[in-house]
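# Summary of the model geometry
Listed here are the chains, written in short residue letters.
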Amino acid sequence: MRLYINVDHVATVREARRTDEPDPVRAAVLAELGGADGITVHLREDRRHIHERDVELLLGTVRTVVNLELSASEEILGLAERWQPMQATLVPERREEVTTEGGLDVPGGRERLREALDRLASAGIRTSLFIDPDPDAIEASAELGADAVELHTGEYANAVGLEARARQLGRLRDAAVRGREAGLAIHAGHGLTFENVVPVAALPECEELNIGHSIVSRAVLTGMEAAVRDMRRLVDDARRFGA
Ligand code: PXP
């Protein structure tokens, strides 16, 4: 199972101050040292977190794989063709959303997606479509010739109660089996946390997980003590020894 770490929300913290820290590129280096098999970033059309500079530096420094999430917009597709990341995941994008809501409408957006997939594949990029775990979306993705699908785990993550959780896990399992039978590689992601990841990670057909928010959230907490200790020492030394 490949574990790809999404560092978008490191950039979200940076953009809260429009400064240069924390740097998602530095976070990516540390994620790789921690065992990440790849780094995922979403260059959104409104550039709310990741910027061109981040993707360009990541492409030059990441030693594993850069998985670029992108909408099928002309501008972003053009950048992907130029950058040629190892993998690109097409996602739906709406400006008013807080995060990606729902998977792609593959049957409805067939022509646009086919063109986007053809352009990415012609640039030598491995392609993936972010879809809801439904049979129609699986069939349409296979028909369009994507290399992989990323199953949206958001409804599983949000399910309340054991029964609802089991039902959503069943949907993911069925979609994973159907997708493998159709020749697609199976990825999964969105809303996965330390509490809910295990059953998804155990799905035998699934070969890649994309996890962002929960990892960044954990990193903020586990890093807090050391960060305060470092600042404490700096401030105390200034009082003792002067500047
Ligand atoms: N996969 C896709 C396609 C996404 O859009 C996102 C969120 O950017 C993720 C995975 C990661 O989701 P989360 O941040 O909830 O782990």
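Residues numbered from 1 in each chain as written. Predicted model: local features only at pLDDT ≥ 70, side-chain atom pairs only at ≥ 80, totals over all residues. Heavy atoms only, no water.

## Here's the deal with the environment of Ala36
- Here Ala36 shows up in the loop between α2 (24-33) and β2 (38-42).
- On the accessibility criterion, Ala36 (7% relative accessible area) is buried.
- With 60 residues separating them along the chain, Ala36 and Glu96 place their C-alpha atoms 31 Å apart.
- Not counting chain neighbours up to four residues away, the residues in contact with Ala36 comprise Leu3, Ile5, Ala31 and Thr64. (Helix = DSSP H or I, 4+ residues; strand = E, 2+ residues; numbered from the N terminus. Buried < 20%, exposed > 50% of the residue type's maximum accessible area, 1.4 Å probe, protein only. Contact = heavy atoms within 4.5 Å.)

## What to know about the packing of helix α3 (residues 52-61) against helix α4 (residues 74-83)
- Interaxial distance between α3 and α4 falls to 12 Å at its minimum, and their mutual angle equals 20°. Judged by the angle between their axes, α3 and α4 are roughly parallel. Here α3 and α4 pass one another in a crossing that is right-handed. Taking contact as the criterion, the partners of Glu52, Val55, Glu56 and Leu59 in α3 are, on α4, Glu75, Leu79, Arg82 and Trp83.
- Among the residues forming the contact of α3 with α4, the class breakdown is 4 nonpolar, no polar and 4 charged. (Axes fitted to C-alpha atoms, helices over the stretch in contact; angles between N-to-C directions. Parallel < 35°, antiparallel > 145°, perpendicular 65-115°, else oblique. Left-handed = near helix turned anticlockwise from the far one by under 90°. Nonpolar A, V, L, I, M, F, W, Y, C, P; charged D, E, K, R; others polar.)

## Notes on the packing of aromatic side chains
- The tally for this structure, following the rule as stated, stands at 0 aromatic pairs.
- Lying across the ring of Tyr156, Arg165 places its NZ or CZ 4.9 Å from the centre.
- Positioned over the ring face of Phe194 is Arg218, at 3.8 Å from the centre of the ring. (Phe/Tyr/Trp six-rings, centres within 6.5 Å; stacked < 30°, edge-to-face > 60°. Lys NZ or Arg CZ within 6 Å of the ring centre and 35° of its normal.)

## Topic: a nonpolar patch on the surface
- Side chains of Val220, Leu221, Met224 and Val228 sit close together on the surface and give an oily, nonpolar patch of about 390 Å² of accessible area.
- Inspection of the secondary structure assignment puts Met224 in helix α10 (residues 213-241). (Patch = residues over 30% accessible without salt bridge, like charges linked within 9 Å, V, L, I, M, F, W, Y side chains within 5 Å. Areas by Shrake-Rupley, 256 points an atom, 1.4 Å probe, with all protein chains shown as cover. Salt bridge = Lys/Arg side-chain N within 4 Å of Asp/Glu carboxyl O.)

## Some remarks on the site of the ligand
- Not every one of the 14 residues close to the ligand is listed here, only the nearest: Glu69, Glu150, Gly191, Gly212 and His213.
- Glu150 has a polar side-chain atom sitting 2.5 Å from a nitrogen atom of the ligand.
- Here Gly191 contributes a backbone N or O atom positioned 2.8 Å from an oxygen atom of the ligand.
- Relative to its free-state accessible area of 400 Å², the ligand is covered by the protein chains to the extent of 94%.
- Among the detected pockets, the ligand sits in the second largest pocket. (Near = heavy atom within 4 Å. Polar contact = N/O pair within 3.5 Å; in protein donor to acceptor, adjacent residues only side chain to side chain. 1 Å grid on protein atoms, 1.4 Å probe; cavity = no way out; pocket = protein on both sides within 12 Å on 5 of 7 lines; lining within 4 Å. Sits in = over half its atoms within 2 Å of the grid points.)

## Topic: the layout of surface pockets
- In this structure, the largest pocket spans a volume of roughly 980 Å³.
- Elements supplying a minimum of two residues to the lining of the largest pocket: β1 (2-6), α1 (8-17), α2 and α10.
- Of the residues forming the lining of the largest pocket, the biggest block, 7 residues, is contributed by α10.
- In terms of residue class, the lining of the largest pocket is made up of 16 nonpolar, 4 polar and 5 charged.
- Of the volumes computed, that of the second largest pocket is approximately 710 Å³.
- Around the second largest pocket sit 39 residues that line it, and Thr99, Thr100, His190, Gly191 and His213 are the ones nearest its centre.
- Counting residues per element, the ones that place at least two in the lining of the second largest pocket are α1, β6 (148-152), α7 (154-158), α8 (162-181), β8 (206-211) and α10.
- No other element matches α7, which puts 5 residues into the lining of the second largest pocket.
- Split by residue class, the lining of the second largest pocket holds 9 nonpolar, 21 polar and 9 charged. (Points joined across faces, edges and corners; volume = space filled by probe spheres on them.)

## Some words on the pattern of salt bridges
- Across all of its chains, the model carries 23 salt bridges by this definition.
- Residue Arg48 pairs with Asp46 through a salt bridge whose shortest N-O separation is 3.1 Å.
- The exposure class of Arg48 is partly exposed, given its relative accessible area of 25%.
- Of the charged contacts in the structure, one is a salt bridge between Arg233 and Asp230, with a shortest N-O distance of 3.9 Å. Of the two residues, Arg233 and Asp230 both sit in helix α10, 3 residues apart, roughly one turn of that helix.
- Where salt bridges share partners, they join Arg14, Glu15, Asp23, Arg53 and Asp54 into one cluster.

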